[in-house]
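# Coordinate analysis (summary)
The lines below spell out each chain.
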Amino acid sequence: MNKITAAITAVGAYVPDDILTNKMLEKMVDTNEEWIVSRTGIKERRILKDPSKGTSYLAIMAAQNLIDKKNIDPKEIDLVILATVSPDMPVAATAVHVATEIGATNAFAYDLQAACSGFLYGMSTASAYIESGRYKKVLVIGADKMSSIIDYTDRTTCIIFGDGAGAALFEPNYEGLGFQDEILRSDGIGRKSLRIEAGGSLLPPTEDTVAKKLHYVTQDGKTVFKYAVSNMADVSEQIMKRNNLTNKNVNWLVAHQANQRIVSATSNRMKLEDEKVLMNIERYGNTTSATLPLLLNDFESKLKKGDNIIFATFGGGFTWGSIYLKWAYNS
Ligand code: UT7
């Protein structure tokens, strides 16, 4: 038998209907359309307005979309990994609820928190489980209701983030397709520059933390930008070099959608033409854990069996990395 590789065999996604445009944000904070588009590339984002629904709703909808498209029996799923920074609750894991709701009753499930690199790290874990032969169907979901942790009076964050979810199914492949290589990194220096300060064990919630708005995401955008630009490009360049890839044989860059300028810095370093760079930031903003699978779902029809794809992310923590994967099917 050939070596087992871990291939993505199906994708699905969900974004809520409500749209938050740049013009709407102009009425909420001191900002303007021109600034937002030129500095980030974002035109609008989706917001889950229903206060009775959390991140699990987004994740369930994305997973259900995948299950329906692929027509799989959810009982065959072995493991559900949910990458998120906005779980329904701190305890119990949102993934467990999601797995039960989608009918994956034979699976175990857990949440993975690595900010904007959560889905990428989840891809790594899923691939290791598949390659080892231990499991046959691993569902990785990236979902975030960022609107639940964003301060809509803070113009440095509220213009960036949106809500959404995406999912990818990993299964064994015997033709050498799927996961090829990874470079994953982290650096705790990032904890100062991008965080939610309160609500954890270090600073539990009090009236004071609520009054000081310490339960919202804050970031030193300039610092995050600086680290993101160099680190995401570095790992993408490294993974190309050590796999003898060039701009000629890389078909697609699937990069975290935090800022169009950060993605451009990476694609420029890879010397990749714009047509090979998958982008949807203009429609969704930064959906944190969901950006990679949302890209896969939006551009699924363009991806062809055997295509060489470079994934790249940078996020809070800091966490970052790159994965080289060969696409395994034509849709
Ligand atoms: O998902 C992973 C984590 N996040 C990221 O990767 C985000 C990384 N950072 C960024 O994408 C960018 O740093 C931002 C989009 C957040 C900001 O863009 P920037 O080009 O770094 O702007 P800046 O923070 O240097 O601010 C430039 C100016 C400042 O005014 P002064 O000091 O030059 O007068 C800001 O006060 O723009 C001002 N500004 C705004 N103006 C209009 C900051 N936010 C806004 C805003 N609208 N929303």
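Not measured: the values here are computed from a predicted model. (Residues numbered from 1 in each chain as written. Predicted model: local features only at pLDDT ≥ 70, side-chain atom pairs only at ≥ 80, totals over all residues. Heavy atoms only, no water.)

## Considerations on the domain arrangement of the protein
Parsing the protein into structural domains produces domain 1 (5-176) and domain 2 (179-326). For domain 1 versus domain 2, the distance between C-alpha centres works out to 14 Å. Contacts between domain 1 and domain 2 engage 53 residues on the former and 47 residues on the latter. The largest per-residue losses of area from domain 1 upon contact with domain 2 belong to Cys116, Leu120 and Tyr121, which jointly make up 16% of the total buried on that side. Our enumeration of links across domain 1 and domain 2 arrives at three salt bridges. Across the salt bridge formed by Lys305 and Glu175, the nearest N and O atoms sit 3.4 Å from each other. Our enumeration of links across domain 1 and domain 2 arrives at 22 residue pairs in polar contact (both at pLDDT 80 or more). Those elements that place two or more of their residues in the side of domain 1 that touches domain 2 are β1 (5-14), α2 (33-40), β3 (44-46), α3 (55-70), α5 (118-131), β6 (138-144), α6 (155-158) and β7 (164-173). (Domains from an automatic or database assignment. Contact = heavy atoms within 4.5 Å. Buried area = accessible area lost by both parts, 1.4 Å probe. Salt bridge = Lys/Arg side-chain N within 4 Å of Asp/Glu carboxyl O. Polar contact = N/O pair within 3.5 Å; in protein donor to acceptor, adjacent residues only side chain to side chain. Helix = DSSP H or I, 4+ residues; strand = E, 2+ residues; numbered from the N terminus.)

## Overview of unusual backbone geometry
Of note, the bond from Val91 into Ala92 is cis; its omega dihedral lies within 30 degrees of zero at 10 degrees. Here Ala92 shows up in the loop between β4 (79-83) and α4 (94-101). For the bond from Gly317 to Phe318, the omega torsion is 0 degrees, close enough to zero to count as cis. Here Phe318 is to be found in the loop between β13 (308-315) and β14 (319-326). Although it is not a glycine, Asn71 sits at a positive phi angle of roughly 55 degrees. On the secondary structure map, Asn71 appears in the loop between α3 and β4. Asn71 sits in the exposed class, given a relative accessible area of 68%. Positive phi, normally seen in glycine, also occurs at Ala115, with a value near 50 degrees. (Buried < 20%, exposed > 50% of the residue type's maximum accessible area, 1.4 Å probe, protein only.)

## Quick word on α5
For α5, with 14 residues, the first-to-last C-alpha span of 20 Å sits near the 20 Å given by 1.5 Å per residue. Immediately beyond the C-terminal end of α5, within one or two residues, lies Gly133, with a positive phi of roughly 85 degrees. (Expected span 1.5 Å × (residues − 1).)

## Structural notes on the side chain of Asn231
Within the secondary structure, Asn231 is located in helix α8 (residues 221-242). If we ignore the near neighbours within four places in the chain, the residues touching Asn231 are Phe314 and Trp320.

## What about the sheet that holds β1?
In space, the five strands of this open sheet follow the order β1-β7-β6-β4-β5, with mixed pairing throughout. Both edges of this open sheet fall to β1 and β5 (108-112), since each of them pairs with a single strand only. Taken pair by pair, the neighbouring strands of this sheet meet at an average axis angle of 20 degrees, ignoring direction. Sheet topology places β4 next to β6; five bridges connect them, and they run parallel. (Pairing = 2+ DSSP bridges. Axes fitted to C-alpha atoms, helices over the stretch in contact; angles between N-to-C directions.)

## What about the packing of aromatic side chains?
The final tally for this structure, using the stated rule, is nine aromatic pairs. Their ring planes at 55 degrees and their centres at 5.6 Å tell us that Phe108 and Tyr135 sit as a pair that is tilted. Here Phe108 is found in strand β5, whereas its partner Tyr135 is found in the loop between α5 and β6, with 27 residues between them in sequence. Here the aromatic rings of Tyr227 and Phe318 are separated by 4.9 Å at their centres, their planes lie at 35 degrees, and the arrangement is tilted. Highlighted residues: Tyr227 in helix α8 and Phe318 in the loop between β13 and β14, separated in sequence by 91 residues. Within the aromatic cluster, the residues linked to one another by ring pairs are Phe108, Tyr110, Tyr129 and Tyr135. (Phe/Tyr/Trp six-rings, centres within 6.5 Å; stacked < 30°, edge-to-face > 60°.)

## A word on the site of the ligand
Close to the ligand lie 22 residues, the nearest being Thr31, Arg39, Lys222, Asn259 and Asn286. Within the side chain of Arg155, a nitrogen or oxygen atom sits 2.9 Å from an oxygen atom of the ligand. Here Asn259 contributes a side-chain N or O atom positioned 2.7 Å from an oxygen atom of the ligand. Burial of the ligand by the protein amounts to 74% of the accessible area it has alone, namely 950 Å². Tallying contributions element by element places α8 first for the shell around the ligand, with four residues. Classifying every residue of the shell around the ligand by side-chain character gives ten nonpolar, seven polar and five charged. Each of domain 1 (5-176) and domain 2 (179-326) contributes no fewer than three residues to the shell around the ligand. (Near = heavy atom within 4 Å. Areas by Shrake-Rupley, 256 points an atom, 1.4 Å probe, with all protein chains shown as cover. Nonpolar A, V, L, I, M, F, W, Y, C, P; charged D, E, K, R; others polar.)

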